[in-house]
Amino acid sequence: MTRESQGSRAPYGPGQSYESGQPYSSDGGRAAVRRPASIKDVAAAAGVSPTTVSHVLSGNRPVNELTATRVRSVVNRLGYVPASLARSLQAGSTSVIGLMIPDISNTFFAELAKGAEDAAHDLGYGLILCNTEFDADREDRYLGMIRSRFIDGMVYASGSPPSRRRLEALMGKFPIALADEEVEGLEGALIATADHEAGGRMVGEHLRALGHRQALVLTGPRALKSGIARANGFVQAFRGEVVERVGDFKEASGYRLVAELLKEGSLPEGCTAVFAANDLMAFGALLALREAGLSVPDDVSVVGFDDIRAASLAHPPLTTVHQPAYDVGRTATAQLLQYVTRGEVPPASRHTLPVELKVRGSTAPATTR
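Scope of this entry: the structure provided in the associated data block. Remember, it's a predicted structure, so these values are computed and weren't measured experimentally.

**Re the overall build of the chain**
- Scanning the chain from N- to C-terminus turns up 13 helices and 12 strands.
- Burial status across the chain gives 48% buried among its 369 residues.
- If you take every contact in the chain between residues at least 6 apart in sequence, the share linking residues at least 24 apart comes to 70%.

What follows is the structure, encoded as structure tokens:
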């Protein structure tokens, strides 16, 4: 079904809910009635005021989580649609898209979100931001909420093992663009991502050219393809001995993984370099090495990935792979809205953006340890 055929259907018929098409009464029970549910009907059924219902739906004011959950349940049961949204649905568009990111405090994802928002703004679209904090349960709840709302599409940047089945269900309602991270087995999505494997190769080639032959690699979660691609590219180009440890893309995991090895006495025998799959883990590694009395880059070279703003301000400035976060977000959103504005179901397509190695003060020629 194309979006044109979806949009040609009125959001509900006389006395029908949007979801079920069945008549309902103002007290929430199914019966023959003559009008759609109003905000007062929702308030009465949920045992709250109409103002509280408005705050829950708009998100403009904080509401107790249990109360908000009860209100949303009633909204879904009654099929309540705000009047302004109903008019948009009759026109076939809400002019709103969703954006899901794992950590708004990470400037990489902040830049990605800025690119997405700018692309949406240019075409007159608003954007709903969902920040998951790398929490799979929180992400799953957001996906459930998005499914019950009316948006024209979604840009999805995963930070935890992605919910493929949930995304597949959403793709039956609106198009999805994947930003930065692919989802294994998800077919039909638009994809905009940096060339993660090429970035890993750049790091491997750089460290090998400096004479390093043993390296510690801090990867991201195994379920995320970006970290795996970066590690694979590195191993292919480095052609030396590699010890891998699995992190979670957070600074604390970079610190913990390196500190644990140092507590055992030292880094793996002969290891003179650390490659972290993102800058935050590299920052954690820098701190652990410094606390252990090791000098970067004199004793150990350290490389990150992303080139967030703080990378050039680290001590020493961090050698890292620059990936164009803003362009990833903007490209994913632009290609999504190309199809939304045309009223078409998009075919799968892929945009891979180039990366660049930024050589700074955290890498130097290998020394014998």
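**As for the nonpolar core**
- Leu218, Val258 and Leu267 are the most contacted members of the largest nonpolar core, which has 54 residues in total.
- Residue contributions to this core peak at 8 residues, all from helix α12 (residues 279–291).
- Excluding its chain neighbours within four sequence positions, the residues that come into contact with Val258 are Leu216, Leu218, Leu267, Ala285, Ala288 and Leu289.

**As for the sheet that holds strand β2 (residues 126–131)**
- Reading across the sheet, the 6 strands line up as β2-β1-β3-β4-β5-β11 and stay open at both edges, with parallel pairing between neighbours. Pairing within the sheet leaves two strands with one partner each, and these edge strands are β2 and β11 (349–353). Each neighbouring strand pair of the sheet contributes to a mean axis angle of 15°, computed without reference to strand direction.
- Across 6 bridges, the pairing between strand β1 (residues 96–101) and β2 is parallel. In the sheet register, Gly98 faces β2, and the bridge partner there is Ile128.
- Across the sheet, helix α13 (residues 325–342) touches β1, β3 (154–156), β4 (176–179), β5 (190–194) and β11, and the angle it forms with β5 is around 165°.

**Side note on the pattern of salt bridges**
- With the rule as written, the count across this model stands at 13 salt bridges.
- A salt bridge links Arg201 to Glu197; the shortest N-O distance between them is 3.4 Å. A residue pair is termed a helical-turn pair when its members lie 3 or 4 positions apart in one helix, as Arg201 and Glu197 do in helix α9 (residues 196–209) at 4 residues.
- Among the ionic pairs, Lys358 bridges to Glu356, the shortest N-O distance being 3.7 Å.
- Taking relative accessible area as the criterion, Lys358 reaches 29% and is therefore assigned partly exposed.
- Salt bridges sharing common partners tie together Glu182, Glu184, Lys225 and Arg350.

**Looking at the sheet that holds strand β12 (residues 356–358)**
- In space, the 6 strands of this open sheet follow the order β7-β6-β8-β9-β10-β12, with mixed pairing throughout. Only two strands of the sheet have a single partner each, and these edge strands are β7 (241–246) and β12. The mean angle between the axes of side-by-side strands here comes to 20°, regardless of whether they run parallel or antiparallel.
- When strand β10 (residues 319–322) meets β12, the two strands line up antiparallel, connected through 3 bridges. For His322, the partnering residue across the bridge sits in β12 and is Glu356.
- Along the sheet, α9 makes contact with β8 (273–276), β9 (301–306), β10 and β12, crossing β9 at roughly 165°.
- Its contacts with the sheet place helix α11 (residues 251–263) against β6 (214–219) and β7, and it is angled at close to 140° to β6.

**What about helix α6 (residues 107–122)?**
- Helix length check: α6 (16 residues) gives 22 Å between terminal C-alpha atoms against 22 Å at 1.5 Å per residue, within 8%.
- Taken as a whole, α6 has its buried residues at Phe108, Phe109, Leu112, Ala113, Gly115, Ala116, Asp118, Ala119 and Ala120.
- Turning to α6, the residues buried within the fold contact β1, β2, β4, β9 and α13.
- At the N-terminal end of α6, a side-chain oxygen is found 2.9 Å from the backbone nitrogen of Phe108, two or three residues along, and the residue is Asn106.
- Looking one or two places after α6, you find Gly124, whose phi comes out positive at around 80°.

**Re the environment of Asp298**
- For Asp298, the location among the structural elements is in the loop between α12 and β9.
- Along the chain, Asp298 and Thr367 lie 69 residues apart, while their C-alpha atoms are 7.4 Å from each other.
- Looking at Asp298, its side chain comes within polar contact range of the side chain of Ser295, at 3.3 Å.

Rules used throughout
Residues numbered from 1 in each chain as written. Predicted model: local features only at pLDDT ≥ 70, side-chain atom pairs only at ≥ 80, totals over all residues. Heavy atoms only, no water. Helix = DSSP H or I, 4+ residues; strand = E, 2+ residues; numbered from the N terminus. Buried < 20%, exposed > 50% of the residue type's maximum accessible area, 1.4 Å probe, protein only. Contact = heavy atoms within 4.5 Å. Core = buried A, V, L, I, M, F, W, Y, C linked by side-chain atoms within 4.5 Å. Pairing = 2+ DSSP bridges. Axes fitted to C-alpha atoms, helices over the stretch in contact; angles between N-to-C directions. Salt bridge = Lys/Arg side-chain N within 4 Å of Asp/Glu carboxyl O. Expected span 1.5 Å × (residues − 1). Polar contact = N/O pair within 3.5 Å; in protein donor to acceptor, adjacent residues only side chain to side chain.

By themselves, these observations are geometric and do not establish any function.
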